[in-house]
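Tertiary structure, described
In case you want the letters, here they are:
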Number of protein chains: 2
Amino acid sequence: MKLFLATAIAALCLGSAWAEPTATGDLGLVIERATGSVLLIDQSERAALARIEGLGDLSHASLVYSPDERFAYVFGRDGGLTKVDIVTRTISKRVMQSGNAIGGAISDDGQLVAVSNYEPGGVRVFDADTLEMVADLPTGSKTIGLVDAPGRRFVFTLWDAGETWIADFSGPSPKVTKIKDIGTNPYDALITSNGRTYIAGLFGQDGLTALDLWDETPVPQHILPNYGRGKQEMPVYKMPHLEGWALADGEFVLPAVGHHEVLWVDAADLNETGRTQTHGQPVFAMARPDGRHVWVNFAHPLNDTIQVIDTQSKEIIHELKPGPAVLHMEFTPRGHQVWVSVRDLDKVIVYDTRTFEKIGEIDAASPSGIFFTARAHKTGL
Amino acid sequence: MKLFLATAIAALCLGSAWAEPTATGDLGLVIERATGSVLLIDQSERAALARIEGLGDLSHASLVYSPDERFAYVFGRDGGLTKVDIVTRTISKRVMQSGNAIGGAISDDGQLVAVSNYEPGGVRVFDADTLEMVADLPTGSKTIGLVDAPGRRFVFTLWDAGETWIADFSGPSPKVTKIKDIGTNPYDALITSNGRTYIAGLFGQDGLTALDLWDETPVPQHILPNYGRGKQEMPVYKMPHLEGWALADGEFVLPAVGHHEVLWVDAADLNETGRTQTHGQPVFAMARPDGRHVWVNFAHPLNDTIQVIDTQSKEIIHELKPGPAVLHMEFTPRGHQVWVSVRDLDKVIVYDTRTFEKIGEIDAASPSGIFFTARAHKTGL
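Residues numbered from 1 in each chain as written. Chains lettered and ligands numbered in written order. Predicted model: local features only at pLDDT ≥ 70, side-chain atom pairs only at ≥ 80, totals over all residues. Heavy atoms only, no water.

1. What to know about the confidence of the model for chain A
Put simply, the rule reads: What pLDDT conveys is the predictor's confidence in a given residue, as a value from 0 to 100. Contact between two residues is taken to exist if any of their heavy atoms lie within 4.5 Å; hydrogens are not considered.
Across chain A, the average pLDDT comes to 90, with 91% of residues at 70 or higher. Here residues 1-16 of chain A is a poorly scored stretch, pLDDT under 50, and it has 20 contacts once near neighbours within four places are set aside; other chains count.

2. Quick look at the packing of aromatic side chains
Residues and elements named next belong to chain A. Rules: Aromatic pairs are defined between Phe, Tyr and Trp rings, using the six-membered ring for Trp, whenever the two ring centres lie within 6.5 Å; interplanar angles under 30 degrees are classed as stacked, those over 60 as edge-to-face, and all others as tilted. Per the convention used, a helix needs a DSSP run of H or I reaching at least four residues, while a strand needs a run of E reaching at least two, with both numbered from the N terminus. Buried, partly exposed and exposed residues are distinguished by accessible area as a fraction of the type maximum, computed with a 1.4 Å probe on protein chains only: under 20%, between the cut-offs, and over 50%, respectively.
On inspection of all chains with the given rule, the structure shows twelve aromatic pairs over all chains. A centroid spacing of 5.3 Å and a plane angle of 85 degrees characterise the contact between Trp-339 and Phe-372, whose relative ring orientation is edge-to-face. Here Trp-339, found in strand 29 (residues 337-342), pairs with Phe-372, found in strand 32 (residues 367-372); they are 33 residues apart in sequence, far enough to count as distant. Judged by relative accessible area, Trp-339 falls into the buried class, the value being 0%.

3. Some thoughts on the sheet that holds strand 16 (residues 186-191) of chain A
Residue and element names in this part refer to chain A. Stated precisely, the cut-off is as follows: The rule for pairing is simple: two strands pair if DSSP sees at least two bridges between them. Orientation is described by axes fitted as lines to C-alpha atoms, over the contacting stretch for helices, and by angles from 0 to 180 degrees between their N-to-C directions.
Overall, antiparallel pairing links the four strands, which are arranged 16-17-18-19 in an open sheet. Each edge of the sheet is formed by a strand with only one pairing partner; in this case those strands are strand 16 and strand 19 (221-223). When strand polarity is set aside, the average angle formed by the axes of neighbouring strands in this sheet is 25 degrees.

4. Some points on the domain arrangement of chain A
Residue and element names in this part refer to chain A. For clarity, the cut-off: Note that domain bounds follow an automatic or database assignment of domains. Accessible-area loss on putting two parts together, using a 1.4 Å probe and summing over both, is the definition of buried area adopted here.
When the domains of chain A are assigned, the result is domain 1 (43-180) and domain 2 (236-381). Look at where the C-alpha atoms of domain 1 and domain 2 centre, and you get two points 24 Å apart. Listed per partner, the contact involves 17 residues of domain 1 and 20 residues of domain 2. Of the roughly 1,500 Å² buried at the junction of domain 1 and domain 2 (both faces included), carbon and sulfur atoms supply 57%.

5. Considering the pattern of salt bridges
Let me state the cut-off plainly: Every case where a carboxyl oxygen of Asp or Glu lies within 4 Å of a side-chain nitrogen of Lys or Arg is listed as a salt bridge.
All chains considered together, the criterion is met by 42 salt bridges over all chains. Here Glu-319 of chain A ties to Lys-321 of chain A by a salt bridge, and the two come within 3.9 Å at their closest N and O atoms. The shortest N-O distance in the salt bridge between Lys-321 of chain B and Asp-304 of chain B comes to 4.0 Å. Here Asp-304 of chain B lies in the loop between strand 25 (293-298) and strand 26 (306-310) and Lys-321 of chain B lies in the loop between strand 27 (316-320) and strand 28 (326-331), a separation of 17 residues in the sequence.

6. What about the pairing of strand 28 (residues 326-331) of chain A?
Residue and element names in this part refer to chain A. Buried residues dominate strand 28, accounting for five of its six residues. Judged from the five bridges that link them, strand 28 and strand 29 form a sheet pairing that is antiparallel. Note that in strand 29 the partner of Glu-330 across the bridge is Trp-339. The loop that links strand 28 with its antiparallel partner strand 29 comprises five residues; one of these, Gly-335, has a positive phi angle of about 85 degrees.

7. Quick notes on the environment of Lys-180 of chain B
All names here are of chain B. Heads up, the rule is: Polar contacts, as counted here, are pairs of nitrogen or oxygen atoms within 3.5 Å of one another; within protein the pair requires one atom able to donate a hydrogen and one able to accept it, and residues that are adjacent in sequence qualify only if both atoms are side-chain atoms.
By the secondary structure assignment, Lys-180 is in the loop between strand 15 (175-179) and strand 16 (186-191). For the pair Lys-180 and Thr-157, spaced 23 residues apart in sequence, the C-alpha separation works out to 9.9 Å. With residues up to four places along the chain from it excluded, the contact list for Lys-180 reads Gly-162, Glu-163 and Pro-220. Here Glu-163 takes part through its side chain, which lies 3.1 Å from a polar atom of the side chain of Lys-180.

8. Re the sheet that holds strand 4 (residues 62-65) of chain B
Residue and element names in this part refer to chain B. Spatially, four strands are ordered 4-5-6-7 in an open sheet, and the strand pairing comes out antiparallel. Whereas interior strands pair on both sides, the edge strands pair on one side only; in this sheet they are strand 4 and strand 7 (90-96). Within this sheet the neighbouring strands show an average axis-to-axis angle of 20 degrees, counted without direction. Pairing analysis gives five bridges linking strand 5 (residues 71-75) to strand 6 (residues 80-85), with the strands arranged antiparallel. Counted as the bridge partner of Phe-75 is Leu-81 from strand 6.

9. Thoughts on the environment of Phe-284 of chain A
Looking at the element boundaries, Phe-284 of chain A is found in strand 24 (residues 282-287). On a C-alpha basis, the gap between Phe-284 of chain A and Asp-42 of chain A in space is 23 Å, while along the polypeptide they are 242 residues apart.

10. Here we look at the side chain of Ser-141 of chain B
Residue and element names in this part refer to chain B. Tracing the chain through its elements places Ser-141 in the loop between strand 11 (133-138) and strand 12 (143-149). You can call Ser-141 buried: its relative accessible area is 4%. For Ser-141, the side chain forms a polar contact with the main-chain nitrogen of Asp-160, separated by 3.0 Å. Excluding its chain neighbours within four sequence positions, the residues that come into contact with Ser-141 are Asn-117, Gly-121, Gly-122, Leu-158, Trp-159, Asp-160 and Ala-161.

Below, the structure written as structure tokens:
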């Protein structure tokens, strides 16, 4: 024990970075999109702890965490992949891995980080420790909807070709299964939290496409034929985020495309069970972790509002006006609070999810995505 | 930043405890029942990091974690409540809060720790920071099945009186709702992972009792009338652990009482849907986090074996013999490994959950419960 302590003190005295004993279970990062920085936040203290800068273009950025909740892998729009150490509060490594990227994922064992690219189209896979590239999977297409699946697998979809690929890294070399007929111009996808069902949203046609990844040879199932812009061809201000889909009490909730409503879908047979009219075009429909309520935010120009829907009555039970440009909502893992980024107010606002009272706020520069470290322990986030 | 660093170094130079920068997301503790100690383990390294001693009688112990995954609250059989700091690897605080205790829980906001006591019968609630008692709820009965529920609530059940109490700590003083007619001698209970359904197992009669905590006034629902020892009155070597219940693909799995089988139960209507014959009397039936497989261990004298059941076919697809007295199994949060305590081998053995290969082992003194820090982010664990 004494030897360890000596090493620790030596490390501290030599290093210039933060190094107090730290537990990382209640920390998180906020993407500051305009300044290429991330803000380290502390859930329990309702405070910002540090700002880490130099991450490039974060205009449509997301991130995933290592299993120990120490490192965040931040996926920038400009193809930058940045490994942030939230314990020392520094950039640990950074590579420019493509010209234009759209999200990433981390394998279930935490050893591989994958990034989905528009240009050049495909997926590149990196060693989570060193950020050295271990596999390049060109697709000849803009590539979207990249998620991790159990068993060291990644699943992603080709915008141009309408194919979904399953890349299995459990063996000595990656094995890729290609599934055709996903539909016209899939633009985003999600995987259910158990890692079983992969669902792609389609820009070029109504409906969605589901794959059962437990099948030996998954077959595309076209579901919800009435999901989409429909015959009226409503103007769509923003395609909804499919990762915002919520599962509550045996039903999915989906933000509609173009229309001012959310759809309810039976989780077992994937049929539509109802619709709830909303304030605007929904962007995220997020279930509180207990599934009792769903919180919904909206596209421009109605994006100053959040509505809360009860999953039993399917009625709106509360409305909040946090401020201009509500971009994201993140629940604490056990659901007692929700943290909301209000971009044009330069604030992250914290609400009690039962009383709906505002219980804190944090200054942040043009905040967008909020990511708590608890995501490290979940599939498909 | 410099000020923080100086403080950190000063703290280190003064302190005698471990204080290297630490991330806590992939750590865990193993109860060493015979020696009153806990072993700090590292999931990613598949190694033991430290042993923390002096926790009293841990013969039927369990623990919960603070939201930041720094502190473990260990509930000893002798009424000891010990707060262990896994960052500094020391006992932070310890109180003897009763003469005989059986488990505890932590509120969703992490501020309250509750302990369930046999003697004196009731629940005591402590400030998670100081371990000072903030509420004493005597029940006049041995008290079991204590769980946390969303909204700063605790739910627990009275062995003698057959009542379930819901204690709501969201207001200035605790509000207790008492529900009668739970059944004869409830011996354990669970809450579903969304915090909605509380189910009590009954020692004194067949069947179980469910409560829907989303109801304003929950009404006991007697379910599974054929669950129990039945007419043959089989000898029961060990009542199954109800927290071992698993949810997989829309069904619960239950270890039978006395019989060599597990039961499948429809999660929506709580009716029995099938049974699978097993090697022995099951103790824990744990779903792998993706719900595809269920791992089952068994009561003495058949407790050297684990069986793995496929949730699609409901058939046993694999059997392992880890060694004498397999007491507990804990999956990594995303399910790629399972850690198994083999008491009489003085080992914790790590298996790959897909290949079933043994991929590591760790020395531990009479290990029983294994608890990864990811539990901090879950309801009812």
